[in-house]
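# What the coordinates show
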Amino acid sequence: MKKATIKTASDIALIKYWGKKDEELRLPENGSISIKLDGLDTITTVEFDESLSADDVTIEGESNNEETARVSKHLDRVRKLAGTKVFAKVVSKNTFPKGTGLSSSGSGFAALTFAAAASLELDLSERELSILSRQGSGTACRCACGGFVEWLDGDTSETSYSVSLQNVDYWDIRDVVVVVDEGKKKISSTEGHEAARTSPFYQARLDGIQKKIGQMKQAIEQKDFMTLGSLAEKEALEFHTILLTSEVPLIAWYPGTVEVMQAVMSLREVGVPCYFTINTGFNVHVLTLPEYEKVVAEELGKLSLVKKILLAKVGPKPQGIDQHLF
Ligand code: PMV
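Residues numbered from 1 in each chain as written. Predicted model: local features only at pLDDT ≥ 70, side-chain atom pairs only at ≥ 80, totals over all residues. Heavy atoms only, no water.

With that out of the way, let us pick up the site of the ligand. Around the ligand sit 13 residues, and of these Tyr17, Thr139, Arg142, Ser189 and His193 come closest. Taking Arg142, its side chain carries an N or O atom lying 2.8 Å from an oxygen atom of the ligand. Ser189 places a side-chain nitrogen or oxygen 2.7 Å from an oxygen atom of the ligand. Here the ligand loses 94% of its free accessible area of 390 Å² to cover by the protein chains. (Near = heavy atom within 4 Å. Polar contact = N/O pair within 3.5 Å; in protein donor to acceptor, adjacent residues only side chain to side chain. Areas by Shrake-Rupley, 256 points an atom, 1.4 Å probe, with all protein chains shown as cover.)

As structure tokens, then:
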């Protein structure tokens with residue numbers, strides 16, 4: 001049992017996963033498409049150690065019972081595959097604020113899965129790693145792949161996995177991540193997924209999603225940035241409509257979120273190609289092309305409610321690294 005460290009990029013969904021048809025297996029109601037984000041990374045070291053009497057989990061320098069329980073439950077899945085009961089030490093850190101709607105659980109559980117499998121020297125395919133990652137966190141299913149990723153909408157655990165539509169070098173798109181708050185988001189995606197069905201618009205969303213996935217795949221294939229951006233922005237607004245109209249309304253946005261959305265639209269009016277998308281948090285992803293990254297970051301950085309800007313580009317699949325965290 002060796003010590004293994006994995007670096008995994010987070011991702012941003014262009015077509016969002018929202019609602020589950022199987023809670024325990026984390027089977028999504030619909031397929032989704034994302035871009036991996038180099039610059040928003042999780043690094044995780046795992047070592048299984050016979051001398052431990054329980055899993056020892058440290059995330060961002062802290063140990064917390066709730067997080068340890070979720071990590072242990074996931075390690076059990078990996079242990080089962082390897083036929084071992086040995087506990088593990090896990091240390092993990094992110095290069096971006098966690099719990100703020102920037103998909104830290106996606107990169108976190110993909111990194112954990114890959115590092116645990118490597119530590120136990122399990123020989124798993126990318127598909128098997130994606131399926132395993134999915135059971136820890138839905139978005140981790142996509143984070144197991146690199147570049148432009150599609151999570152296939154299978155009805156069983158074996159058919160619900162992700163594939164790379166295009167690899168990391170295919171098309172240079174930038175994501176200017178605008179942080180308006182670093183506090184923990186108020187909406188947990190678990191409660192949100194459950195509430196989705198209570199929105200009167202949810203069925204209409206599901207009815208139209210296949211068409212949208214097809215259009216997004218075509219935009220990627222044709223490297224048509226304007227179509228990709230405007231589809232992603234409309235999709236984000238549709239997704240937030242579901243949140244807003246759930247039986248218990250879920251309002252993810254902060255005043256700073258709206259300030260950024262409006263500024264992105266104003267930038268477009270003066271010819272800067274940029275489009276926003278937002279997950280269950282308040283921070284905003286702004287997609288743009290490399291030659292406009294600087295102006296987008298500068299202009300959005302001037303807004304009164306913006307705390308900081310992070311720059312990301314298309315990211316690779318999980319990588320093993322030698323710099324262990326312990
Ligand atoms: O993986 P979860 O349960 O945190 O779900 C997150 C879903 C969204 O981020 C809102 C959309 C997506 O596809 O990433």
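Back to the text.
The tally for this structure, following the rule as stated, stands at zero disulfides. You can see Cys143 has no disulfide; the closest cysteine sulfur is in Cys145, sitting 9.2 Å from it. Given a relative accessible area of 0%, Cys143 falls into the buried group. Of all cysteine sulfurs in the structure, the one in Cys141 sits closest to Cys145, which takes part in no disulfide; the separation is 7.2 Å. (Disulfide = S-S within 2.5 Å. Buried < 20%, exposed > 50% of the residue type's maximum accessible area, 1.4 Å probe, protein only.)

Another point: unusual backbone geometry. With a phi angle near 55°, Arg26 is a residue other than glycine that sits in the positive phi range. The topology assignment puts Arg26 in the loop between strand 2 (20-22) and strand 3 (27-28). With a relative accessible area of 16%, Arg26 lands in the buried category. (Helix = DSSP H or I, 4+ residues; strand = E, 2+ residues; numbered from the N terminus.)

One way to put it is that helix 1 (residues 65-82) packs onto helix 3 (residues 126-136) with a least axis distance of 9 Å and a crossing angle of 150°. Between helix 1 and helix 3, the interaxial angle falls into the category roughly antiparallel. Relative to helix 3, helix 1 is oriented so that their crossing is right-handed. Between helix 1 and helix 3, the residues in contact are Arg70, His74, Arg77, Val78 and Leu81 and Leu132, Ser133, Gln135 and Gly136, respectively. Each residue belonging to the contact of helix 1 with helix 3 can be placed in one class, and the counts come to three nonpolar, four polar and two charged. (Axes fitted to C-alpha atoms, helices over the stretch in contact; angles between N-to-C directions. Parallel < 35°, antiparallel > 145°, perpendicular 65-115°, else oblique. Left-handed = near helix turned anticlockwise from the far one by under 90°. Contact = heavy atoms within 4.5 Å. Nonpolar A, V, L, I, M, F, W, Y, C, P; charged D, E, K, R; others polar.)

For the coordinates displayed, the defined rule picks out six aromatic pairs. Between Tyr254 and Phe282, the ring centres sit 4.2 Å apart and the planes meet at 15°, which makes this aromatic pair stacked. Here the residue Tyr254 occupies a position in the loop between helix 7 (225-244) and helix 8 (255-269), and Phe282 occupies one in the loop between strand 10 (274-277) and strand 11 (284-288), the gap between them amounting to 28 residues. Residues Tyr254 and Phe282 agree in their burial class; the two are buried. Ring pairs connect the aromatic residues Phe148, Tyr170 and Trp171, which therefore count as one cluster. (Phe/Tyr/Trp six-rings, centres within 6.5 Å; stacked < 30°, edge-to-face > 60°.)

This part covers the environment of Pro290. Counting through the fold element by element, Pro290 comes out in the loop between strand 11 and helix 9 (293-301). In the structure, Pro290 is positioned 23 residues away from Lys313 in sequence and 8.8 Å away in space, judged by C-alpha atoms. Excluding residues within four positions of it along the chain, Pro290 makes contact with Asp172 and Arg174.

Counting across every chain of the model gives 20 salt bridges. The partner of Lys294 in a salt bridge is Glu298, with the nearest N and O atoms 3.4 Å apart. Placement of the pair is Lys294 and Glu298 together in helix 9, with a separation of four residues, close to one helical turn. A relative accessible area of 42% means that Glu298 is categorised as partly exposed. One salt-bridge network, held together by shared partners, links Arg205, Lys212, Glu235 and Glu238. (Salt bridge = Lys/Arg side-chain N within 4 Å of Asp/Glu carboxyl O.)

A few words on the packing of helix 8 against helix 9. Between helix 8 and helix 9, the shortest axis-to-axis distance is 10 Å and the interhelical angle comes to 135°. In terms of orientation, helix 8 lies oblique with respect to helix 9. Judged by the twist between their axes, the crossing of helix 8 over helix 9 is right-handed. Contacts between helix 8 and helix 9 pair Val260, Ala263, Val264 and Leu267 from the former with Val296, Glu299 and Leu300 from the latter. Residue composition of the contact of helix 8 with helix 9, grouped by class: six nonpolar, no polar and one charged.

Looking now at the environment of Ile35. Locating Ile35 in the fold gives a position in strand 4 (residues 32-48). Assessed through its relative accessible area of 1%, Ile35 is described here as buried. Sequence separation between Ile35 and Asp11 is 24 residues; the distance between their C-alpha atoms is 5.4 Å. What Ile35 contacts, discounting residues up to four positions off in sequence, is Ser10, Asp11, Ile12, Leu14, Gly147, Phe148, Ile173 and Val314.

For the rest of this paragraph, the subject is helix 2 (residues 104-119). In a regular helix each residue adds 1.5 Å, so 16 residues correspond to 22 Å; helix 2 covers 22 Å between its end C-alpha atoms and thus fits that length. Among the 16 residues that make up helix 2, 14 are buried, leaving the element largely enclosed by the rest of the structure. Following helix 2 by one or two positions, Glu121 has its phi on the positive side, about 50°. (Expected span 1.5 Å × (residues − 1).)

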